[in-house]
Each structure stands twice: as structure tokens, then as C-alpha cells.
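Notes for the structure review
Listed here are the chains, written in short residue letters.
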Amino acid sequence: MSDHQLKTYAKLCTEFYDLEPHHNAAQAHAFYQERAREAHGPILEPMCGTGRFLIPLLQAGLDAEGFDASPHMLSAFRAKCLAVGLSTPPIWQQFVQGFTTSKRYALIFIPYGSWGLITDAGQAYKGLEALYGALAPGGRFFVEIETVASCPQPTGVWRRGVHTRADGSHLAVNTYTAYDPTTQLFKARCRYESIVNGAIVETETEDFEQYLYRFDEMDKLLSSVGFADIKKYQDYNSTPAIAQNIHTIIYLCTKE
Ligand SMILES: C[S@@+](CC[C@H](N)C(=O)[O-])C[C@H]1O[C@@H](n2cnc3c(N)ncnc32)[C@H](O)[C@@H]1O
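About the cut-offs
The numbers attached to residues start from 1 for each chain and follow its sequence in the written order. Since the coordinates come from a predicted model, pLDDT governs what is reported: local features require at least 70, and pairs of side-chain atoms require 80 or more to be given and counted, while whole-chain, interface and lining totals use all residues. Side-chain measures were taken over the full set of non-hydrogen atoms in the model, leaving aside hydrogen atoms and water. A molecule or strand has a residue near it when one of that residue's heavy atoms lies within 4 Å. Any pair of nitrogen or oxygen atoms within 3.5 Å is treated as a polar contact; in protein, a donor-acceptor pairing is required on top of that, and neighbouring residues in sequence qualify only through side-chain atoms on both sides. Shrake-Rupley sampling with a 1.4 Å probe provides the accessible areas, and residues are treated as covered by the protein chains on show and by no other component. Residue classes follow a fixed rule: Ala, Val, Leu, Ile, Met, Phe, Trp, Tyr, Cys and Pro count as nonpolar, while Asp, Glu, Lys and Arg count as charged, and any other residue, Gly among them, counts as polar. Each residue is placed in one exposure class: buried if its accessible area under a 1.4 Å probe, protein chains only, is under 20% of its type's maximum, exposed if it is over 50%, and partly exposed if it falls in between. Under the scheme used here, helices are H or I runs from DSSP no shorter than 4 residues and strands are E runs no shorter than 2 residues, and both carry numbers assigned from the N terminus. In this description, contact between two residues means that some pair of their heavy atoms is separated by no more than 4.5 Å. One requirement defines pairing of two strands: DSSP has to find at least two bridges between them. Every angle, taken between N-to-C directions, lies between 0 and 180 degrees, and every axis is a line fitted to C-alpha atoms, over only the stretch in contact when it is a helix. Centres within 6.5 Å are what make two rings of Phe, Tyr or Trp a pair, Trp counting through its six-membered ring; a difference in plane orientation under 30 degrees is then read as stacked, over 60 as edge-to-face, and the rest as tilted. Our definition puts a charge over a ring when NZ of Lys or CZ of Arg is within 6 Å of the ring centre and also within 35 degrees of the ring normal. Here Asp and Glu are counted as negative and Lys and Arg as positive; His is not counted, and neither are the chain ends. Whenever a carboxyl oxygen of Asp or Glu lies within 4 Å of a side-chain nitrogen of Lys or Arg, that contact is scored as a salt bridge. Angle categories: roughly parallel below 35 degrees, roughly antiparallel above 145, roughly perpendicular from 65 to 115, and oblique for all the rest. Take the far helix as your reference; a near helix turned counterclockwise from it by less than a right angle gives a left-handed crossing, and one turned clockwise gives a right-handed crossing.

The environment of the ligand is made up of 21 residues, and the closest members are Y17, R52, D68, V96 and Q97. A distance of 3.1 Å separates a nitrogen atom of the ligand from a polar side-chain atom of E45. With respect to the ligand, the side chain of Q97 contributes an N or O atom lying 3.0 Å from a nitrogen atom. Out of a free accessible area of 600 Å², the ligand has 97% covered by protein chains. Each residue belonging to the shell around the ligand can be placed in one class, and the counts come to 13 nonpolar, five polar and three charged.

Put into C-alpha cells, the structure is as follows:
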């Protein structure tokens, strides 16, 4: 993926994302709220999306900000902020790989499977280097990855998901998935349909790709960038990640 324009997370995808229930959402929110309250200094959420995590931190008056490559996700973020009286949220459009700043953050966190959306190894390294540079000495970096064991099975079949909007109209997605174990790339061809009074009034296609990490792969990547004291957890209770077949890993590391 280049630094020019994100081809995913467009208009209907953004709307669908916000209608979806998210796995372990309550625990994840509580976990990062707590980490944010413990941070002694500025907080950054790269790939912040529509603000599921960041908006509650802003509402709590914390010194937090974020960026995302999708203008649609950021528009939804701003609309949600307006609805709760946060007029100018500190967010901007930005790719992780091109991020530079003179600011130094006490906490940087990337929840859920977002990191795997950077599917090229060189770009992932560049992104981690950028975040390492932005972290204050002693600062903490949390990043979650999805493992090769998480690949939704079976692949090679069509799936359909439908949500009902508040006005009674529908938003559907048809998804065809594939996984290549040699490249560790999970791919989904998605076709979104906005359905009003039984008629499809708008469609959007998306080629979604996510890199799935082997169990120890991210440890090596983080340490090659310079991160220290690397710990990995399998859940938000900080249970050490030991079993190779877990689906997600929460990494915590620091800058010395
Ligand atoms: C799965 S969403 C997660 C958003 C948010 N963290 C959450 O959990 O609701 C992933 C987000 O990463 C953004 N994204 C993908 N690649 C990116 C990149 N290279 N740099 C910055 N943002 C990116 C997408 O636009 C999308 O909003």
C-alpha cells in the first residue's frame, strides 16, 4: 500500500463499521481507559477510526489525539464529537508510515486488528519506526495484532451481513474471503449495498487485505525497531500469551 490514498474504509464501509458490534468491546474500552488514565503525558491513537476509543478519552478530559488515513472515518468521528459537544476534536488525516512529529507521547495505542492493515513488511517497519520516534523515553506502546490462527473459516464462500439503520432502511455487505498461507494475507472482496424501501440505492466495493502475524513475528519486528521490555498478552486481563493458536495478541513495549 502506498502513502497516497486509502482504498478501504470509504463511505458505506464506515457506516457499516459503526453499526457492527465489536468483539470484547467493553473490556477493550475499560483496558485502554485505564492505560490512558495512568499515562503521565500526551496520548496518541494512530488509526483511530470513528473514535470508539478516543472519544471517551476526550470526554474524560485527557490529553489525547489521533489520526487515521480514511477521510470517511474521520468525518464520522467529527459528527459523533459534535453530537456530544466536542466541537474541534484533535484528529487529522495521516498514514502511520508517513507520520513525523516533534511531540513525544507518553502512550501510543493501536487497538483491535488495525495494525495488520499495513500489509507490506517494509511499510510496517517504517510505521513502527515513526511511532517509536514519537514515543517519549519511558513511554508505553500498545499494539494488537491478529494471528494466522484467527483466519475466519471457511474461506472461499460468500457471506452476507445486514444492519438496520435507525430510520428502518438497511445496509448490507456481501463478502468473499480468501487466505494465502504463504503470504499470510487474508483478503475479502466486499460489496456494500444501501437498501431503502427494498431497493438498492447505493453500492460500494472494497478489496480488504489484512496481514496475519505468526505467533512470534511481531516480537522480532518490535525489537528490531528498538522497542524494549516487550510483553504479549492474550486478553485484557493481561494473561500472558503462551498458546500458539490464540487469535489476537496485545503487545506492550516501551522506549528506553
Ligand atoms: C479496524 S479500523 C479500527 C479503528 C479504531 N481503532 C477502532 O477500533 O474502532 C482500522 C482503521 O485504520 C485506518 N487505517 C488503515 N490503514 C492505515 C494506515 N496505513 N495509516 C493510518 N490509518 C490507517 C482505517 O482507515 C481504519 O479507520
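Next up on the list: helix α6 (residues 217-225). Residues separated by three or four positions in an α-helix point in the same direction, a consequence of the helix having 3.6 residues per turn. Those residues of α6 lying buried are E217, M218, D219, L221, L222 and V225. Its buried side turned inward, α6 meets α5 (121-134), β5 (135-146), β9 (199-211), β10 (228-233) and β11 (248-254).

Sheets are built from strands that pair by backbone hydrogen bonding, the pairs being arranged parallel or antiparallel. Across the sheet, four strands lie side by side as β6-β7-β8-β9; this open sheet has antiparallel pairing. Of all the strands in the sheet, the pair left with one neighbour each is β6 (158-164) and β9. Here the strands of the sheet are splayed against their neighbours by 20° on average, with no regard to which way each runs. Looking at chain direction, β6 and strand β7 (residues 170-180) are connected through seven bridges and run antiparallel. When the bridges of β7 are listed, V162 appears paired with A172. This element, helix α1 (residues 11-19), spans β6, β7, β8 (185-196) and β9 of the sheet and lies at about 80° to β9.

Below, the discussion takes up the packing of aromatic side chains. Overall, the coordinates contain 19 aromatic pairs when judged by the stated rule. With centroids separated by 6.0 Å and ring planes inclined at 55°, the aromatic side chains of F53 and Y112 adopt a geometry described as tilted. With F53 in the loop between β1 (43-46) and α3 (54-59) and Y112 in the loop between β4 (105-110) and α5, the pair connects residues that are 59 residues apart, well separated along the chain. Taken individually, F53 and Y112 each receive the classification buried, so the pair is uniform in this respect. An aromatic cluster is defined as three or more aromatic residues linked by ring pairs; in this entry it consists of F31, Y32, F53, F109, Y112, F142 and Y236. Taking the ring centre of F215 as reference, the NZ or CZ of K232 above it sits at 3.8 Å. Cation over ring: K255 sits above Y132, and NZ or CZ is 4.8 Å from the ring centre.

To continue, consider the side chain of R52. On the secondary structure map, R52 appears in the loop between β1 and α3. Buried within the structure, R52 lacks any salt-bridge partner; its nearest side chain of opposite charge belongs to D18, at an N-O separation of 6.2 Å.

So, on to the packing of α5 against α6. Where α5 contacts α6, the two axes come as close as 9 Å, and the packing angle between them is 50°. Of the possible angle classes, the one that applies to α5 and α6 is oblique. Considering only the axes of α5 and α6, their crossing is right-handed. Residues A124, Y125, L128, E129 and Y132 of α5 touch α6, and the partners they reach there are M218, L221, L222, S224 and V225. Its residues assigned to classes, the contact of α5 with α6 comprises eight nonpolar, one polar and one charged.

What follows deals with the environment of V148. Note on placement: V148 falls in the loop between β5 and β6. For V148, a relative accessible area of 33% corresponds to the partly exposed category. Through-space distance from the C-alpha of V148 to that of F186 is 9.0 Å; in sequence the pair is 38 residues apart. Setting aside residues no more than four positions away along its own chain, V148 makes contact with Y179, Q184, L212, Y213 and R214.

What follows is about the packing of α1 against helix α4 (residues 71-83). Look at α1 against α4: their axes get within 8 Å of each other, and the N-to-C directions meet at 50°. When the interaxial angle is binned, α1 and α4 end up oblique. In this structure, α1 meets α4 at a crossing whose hand is right-handed. In this structure, α1 uses K11, T14, Y17 and D18 to contact α4, whose residues at the interface are H72, M73, A76 and K80. Tallied by class, the residues present in the contact of α1 with α4 amount to three nonpolar, two polar and three charged.

Nothing here speaks to function; it is geometry throughout.
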